[in-house]
Amino acid sequence: NATVDADRLGMGGSVLATGLPGLLTLLGELLTSASYPKDDVVGERDRLVQELAIYRSQPAVLAREALLHRLYGDHPYGRDLPTAEAVEGVKPSQLRALHAKRVAPQGSVLVLVGDLPPARLIALVESALAGWTTVSPAATTPALPTPEVGPALLVDRPGAVQTTIRMARPVPSRTAPDFAALSLANLVFGGYFSSRWVANIREDKGYTYSPHAVIEHPPAGSRLTLAADVTTGVTGPSLLETSYELGRVATVPVAQDELDQARRYAIGSLALGTSSQAGLASTLSLLAGSGLGVEWLRDHPKALAAVTVDDVLAAGEAYLAPTTFTTVLVGDAEQVAGQVGAVTPFVTG
């Protein structure tokens, strides 16, 4: 498979050990000899234009695009998807030029996980990738702007039976001294099924099915993103309860047993996610993209184990205060504007 975002082009695959030479040879061909035939480019271009129209009919996509633009403006992170017009203008010659410039060894990381001697793996890699000699420097991502929190943004979607709520703010990266405490504070708030936010607006009040809070790690800067799709009639109460739960984590110490439960979940999830070869390879690749090595898998659980109730309170106060989040809502403005205005200032767009 191949994936791409604002920072990285990624390629990955899994084979039996006997198939590794063939997979590496194919990888070498893709890196050095991609030709982008016109018929293939036109077919993929037309398909992507159609998919973009479908994507942008979905409230979650509209909300994410609006949120990223409010956070980052004209920075590359502020554009999650291309426009259909931009895609329609792409030519095979542009793809070949882009490949020659950007698909380069400098700044690239190769991760292999399997039961083969390291010397044998290195020899196979050297043989397969010997022709990859592009000398272009690694691309860098511009520094992020400082987000302006401001009033919430309400994007009108007439007739919508749900309101899509998205909230986000910058947070420290995995290398920060208080990242472990932040991780546990977020879990207590809304980062897993046993969190307070889920218990409040899903289990107790039935406003939504699956609210979640996740720390994302783009290389230029991490962010905490909250997501919930709620019934139109309870948009205002949902915002109010979200602010309440954020405020609780930011101002009141968590119980020791609540912290311990979140800690067990965090350590166990990391162990489970790296228990398979594909999971370990993916995790190591993401860590390498942030400048971290395999030792993080050893050090982070130790850091989680050392977090105290006071550490979680300090992280909550620093990073989970509700007034520090940028908020976007996509819903029927005629039905929800009054509710939203009773809870927080907002603008329409």
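Analysis parameters
- Residues numbered from 1 in each chain as written.
- Predicted model: local features only at pLDDT ≥ 70, side-chain atom pairs only at ≥ 80, totals over all residues.
- Heavy atoms only, no water.
- Core = buried A, V, L, I, M, F, W, Y, C linked by side-chain atoms within 4.5 Å.
- Buried < 20%, exposed > 50% of the residue type's maximum accessible area, 1.4 Å probe, protein only.
- Contact = heavy atoms within 4.5 Å.
- Salt bridge = Lys/Arg side-chain N within 4 Å of Asp/Glu carboxyl O.
- Helix = DSSP H or I, 4+ residues; strand = E, 2+ residues; numbered from the N terminus.
- Pairing = 2+ DSSP bridges.
- Phe/Tyr/Trp six-rings, centres within 6.5 Å; stacked < 30°, edge-to-face > 60°.
- Lys NZ or Arg CZ within 6 Å of the ring centre and 35° of its normal.

### Some remarks on the nonpolar core
Here comes step 1: Core analysis: the biggest nonpolar cluster contains 51 residues, and Leu 182, Leu 184, Phe 189, Leu 224, Leu 226 and Leu 320 have the highest contact counts within it.
Here comes step 2: With near-sequence residues (within four places) excluded, Leu 320 lies in contact with Leu 182, Ala 185, Phe 189, Leu 224, Leu 246, Val 249, Ala 250, Ala 315 and Phe 325.

### Points about the pattern of salt bridges
Here comes step 1: Counted by the stated rule, this structure contains 14 salt bridges.
Here comes step 2: A salt bridge links Asp 80 to Arg 64; its shortest N-O distance comes to 2.9 Å. Pair noted here: Asp 80 is in the loop between α3 (59-72) and α4 (84-88) and Arg 64 is in helix α3, with a separation of 16 residues, a long-range link.
Here comes step 3: We classify Arg 64 as partly exposed; its relative accessible area is 30%.
Here comes step 4: Here the residues in one salt-bridge network are Arg 64, Asp 80, Glu 216 and Arg 223, joined through shared partners.

### Regarding the pairing of strand β6 (residues 222-231)
Here comes step 1: Burial analysis of β6 places eight of its ten residues in the buried class, the great majority of the element.
Here comes step 2: As judged from the ten bridges shared by strand β4 (residues 162-171) and β6, these two strands associate in the antiparallel manner. Bridged to Val 171 within β6 is Ser 222.
Here comes step 3: Of the pairings in the sheet, the one linking strand β5 (residues 212-216) to β6 comprises five bridges and is antiparallel in character.

### Quick word on the packing of aromatic side chains
Working definition: an aromatic ring pair is given by the centre-to-centre distance plus the angle between the planes.
Here comes step 1: Evaluated as defined, the whole model comprises three aromatic pairs.
Here comes step 2: With a centroid separation of 5.6 Å and 80° between ring planes, the pair formed by Tyr 72 and Tyr 77 is classed as edge-to-face. In this structure, Tyr 72 and Tyr 77 share a single accessibility class: buried.
Here comes step 3: Taking the centre distance of 5.2 Å and the plane angle of 20° together, the rings of Phe 189 and Trp 197 count as stacked.
Here comes step 4: Its relative accessible area of 0% is what places Phe 189 among the buried residues.
Here comes step 5: We classify Trp 197 as buried; its relative accessible area is 1%.
Here comes step 6: In this structure, Arg 202 is placed above the aromatic ring of Tyr 209, and the distance from its NZ or CZ to the ring centre is 4.6 Å.

### Topic: the side chain of Thr 326
Here comes step 1: Of note, Thr 326 is situated in strand β7 (residues 326-331).
Here comes step 2: For Thr 326, a relative accessible area of 1% translates into the label buried.
Here comes step 3: For Thr 326, the residues in contact, after removing those within four places along its chain, are Leu 67, Arg 70, Leu 71, Pro 147, Glu 148, Val 149, Arg 166, Met 167 and Ala 168.

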